[in-house]
Amino acid sequence: MPHRGFLVVAAVSVIGGVPAFSQTSATSGGATSDKAAAYYEFIVGRQRESEGDIEGALSAYRRAAQLDPSSAEIHAEAAAMYARQNRADDAIAEAEAALKIDAANGEAHWVLGGVYAALVSSQAELGRSDGSPAVRGYAAKAILHLEKARDLRPNTPGLEVLLGRLYVATGAYDRAIALLAEALAEDPGSSETSVLLAQAYWGGGRRDQAIRTLEDASSAVIESYRVLLELASFYERDEKWRQAADAYKRALDQNPSNPELKVRRASALINAGEGQAARDLMREVVKERPTEPAVLYLLSQAERQAKDLEAAEAAARRLIALAPRDLRGPFSLAQVFEHKHESRRVIETLQPIAEAPVNGPPRQVSTLLVHLAFAYQDVQQHDRALAAFERARKLAPDDDAIDSYLAQAHLAAHEPGKALEVARDALGRHPDNLRLLRLQAQALSQTGHLSEAVVMLQQEVTKRADPEAHLALAALFVEAKQLGEAEKILDSARAKF
């Protein structure tokens, strides 16, 4: 019984038009009768499973396998049943038994691919990294068997999507794009395929195509909720905040009572500078979730951006009272004081946190320290500002913005030599950072190396089609009181840009 087509022919030739199967008549007559009897047990197994009698189905499949040990199909069917029952180990054993008999059994490859893909998902749900040996192993086996199944049983529903998802998960973006683009062309209305193809484009560095794919999918007559959420997420990652807010709005139109969508839309609106619209949304959300720290934090941000500083301060203080260890509370309060130009109150708010051991995510603490350092600078406490910037840099060593703040702080403290040291060290890690180059040039000029600074920035002006490089060189000439040279550079920049 090498494949299902043979089974049907054998059954018809022996049983003919008999309406009910008869095990006795089926088993008389040598090898042909054994195959017919095996087919009978095969059908019984299917019937038992449809009735929910899993053990009865298994018994029938075992009898069928004994009657026809050359049939891979019986083991493949048992494997599929085990898979439907989420019995992964049993499904794998039966599918591998099928492949030992027939290495080209498409059903067995399909079952193994599906089971291993499910194991990849279950490991992810347990919090295990995609890069862990177990997950990598499951993914490789899933891809191997699904690729074989695709060749052996084309047009299997869901196979391309499952294989495409695995390609995306393992970083095989070019293979995912080729497969999923073809699948989407065949079924242009599939939101799942659109999302996966967009993820493949994004992972492969083709951001514009990723967004276009989702924009095309979202322009359908009936918009896909999932597509809209993915599109909003991509807009956020591309810092297209207004488009993200619009996508969340369209998702909200489908699910208007979802407070999480309101929070996401409000966050996008804040980043887009539309504080009043964000504030209106967050005032709705806070009625539903009055004790949720993230909600109070966003409410404070929105109120501040909408220029209602008293309401922003009240929300920040509610957050501090509710979650005293949450760094977002004092950070929001400090931002209100910054907006009021009350640097000493910023220091009063943030200094206790700076003096304590790190009690939050390093990136959050470093951001808080940067704001504290600026407040120290504003009140001319340069030593404390430098200490805060240094600590922030240790917590976020890859943040080139903090390097530039530290170099600038050394210049403000009349320490150009130290500023030069910081800038040079940071440029070793971020050689294209124009702000660091400008600060290095300033430090060179203030340490008596003006000509070296000029040559360095002239090279940048030649290299970059960027008005900022011209402005940096002009500023250097102004600082050196060479106003004629500064004017030439600015005239050149005006002509070019």
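Whatever comes next refers back to the structure up there.
Residues numbered from 1 in each chain as written. Predicted model: local features only at pLDDT ≥ 70, side-chain atom pairs only at ≥ 80, totals over all residues. Heavy atoms only, no water.

1. A few points about the packing of aromatic side chains
In total, this model carries seven aromatic pairs according to the counting rule given. Relative to Y138, the ring of Y116 has its centre 6.2 Å away and its plane inclined at 25°; by these criteria the two rings are stacked. Pair noted here: Y116 is in helix α7 (residues 106-125) and Y138 is in helix α8 (residues 133-152), with a separation of 22 residues, a long-range link. Looking at Y138, the relative accessible area reads 25%, which means it is partly exposed. Considering the side-chain rings of F389 and Y405, the 6.0 Å spacing of their centres and the 35° angle between planes classify their relative orientation as tilted. Highlighted residues: F389 in helix α22 (residues 382-395) and Y405 in helix α23 (residues 400-412), separated in sequence by 16 residues. These aromatic residues form a ring-pair network of at least three members: Y39, F42 and Y61. One Lys or Arg, R237, reaches over the ring of W202 and ends 5.2 Å from the middle of that ring. (Phe/Tyr/Trp six-rings, centres within 6.5 Å; stacked < 30°, edge-to-face > 60°. Helix = DSSP H or I, 4+ residues; strand = E, 2+ residues; numbered from the N terminus. Buried < 20%, exposed > 50% of the residue type's maximum accessible area, 1.4 Å probe, protein only. Lys NZ or Arg CZ within 6 Å of the ring centre and 35° of its normal.)

2. Notes on the pattern of salt bridges
Here the structure, examined in full by the defined rule, presents 43 salt bridges. A salt bridge links E182 to R150; the shortest N-O distance between them is 3.8 Å. Residue E182 is found in helix α10 (residues 173-186), and its partner R150 is found in helix α8; the two are separated by 32 residues along the sequence. Residue class for E182 comes out partly exposed when judged on its relative accessible area of 41%. One connected set of salt bridges, linked through shared partners, spans R279, D280, R283, E303 and D308. (Salt bridge = Lys/Arg side-chain N within 4 Å of Asp/Glu carboxyl O.)

3. Brief notes about the layout of surface pockets
Each pocket or cavity is described by its volume, and for the largest pocket that value is around 320 Å³. Of all the secondary-structure elements, those providing two or more residues to the lining of the largest pocket are α9 (159-169) and α10. Looking at the lining of the largest pocket element by element, the count peaks at four residues for α10. Residues of the lining of the largest pocket, tallied by class, amount to six nonpolar, five polar and five charged. (1 Å grid on protein atoms, 1.4 Å probe; cavity = no way out; pocket = protein on both sides within 12 Å on 5 of 7 lines; lining within 4 Å. Points joined across faces, edges and corners; volume = space filled by probe spheres on them. Nonpolar A, V, L, I, M, F, W, Y, C, P; charged D, E, K, R; others polar.)

4. Details of the side chain of R464
On the secondary structure map, R464 appears in the loop between α26 (450-463) and α27 (467-479). Here R464 falls in the buried class, since its relative accessible area comes to 18%. In terms of polar contacts, R464 uses its side chain to reach the side chain of E460, at 2.6 Å. (Polar contact = N/O pair within 3.5 Å; in protein donor to acceptor, adjacent residues only side chain to side chain.)

5. Remarks on unusual backbone geometry
With a phi close to 65°, N155 is a non-glycine residue in the positive phi region. Looking at the secondary structure, you find N155 in the loop between α8 and α9. For N155, a relative accessible area of 71% gives the class exposed. Unlike most non-glycine residues, H414 shows phi in positive territory, near 60°. Looking at where H414 falls in the secondary structure, it is placed in the loop between α23 and α24 (416-429). Assessed through its relative accessible area of 71%, H414 is described here as exposed.

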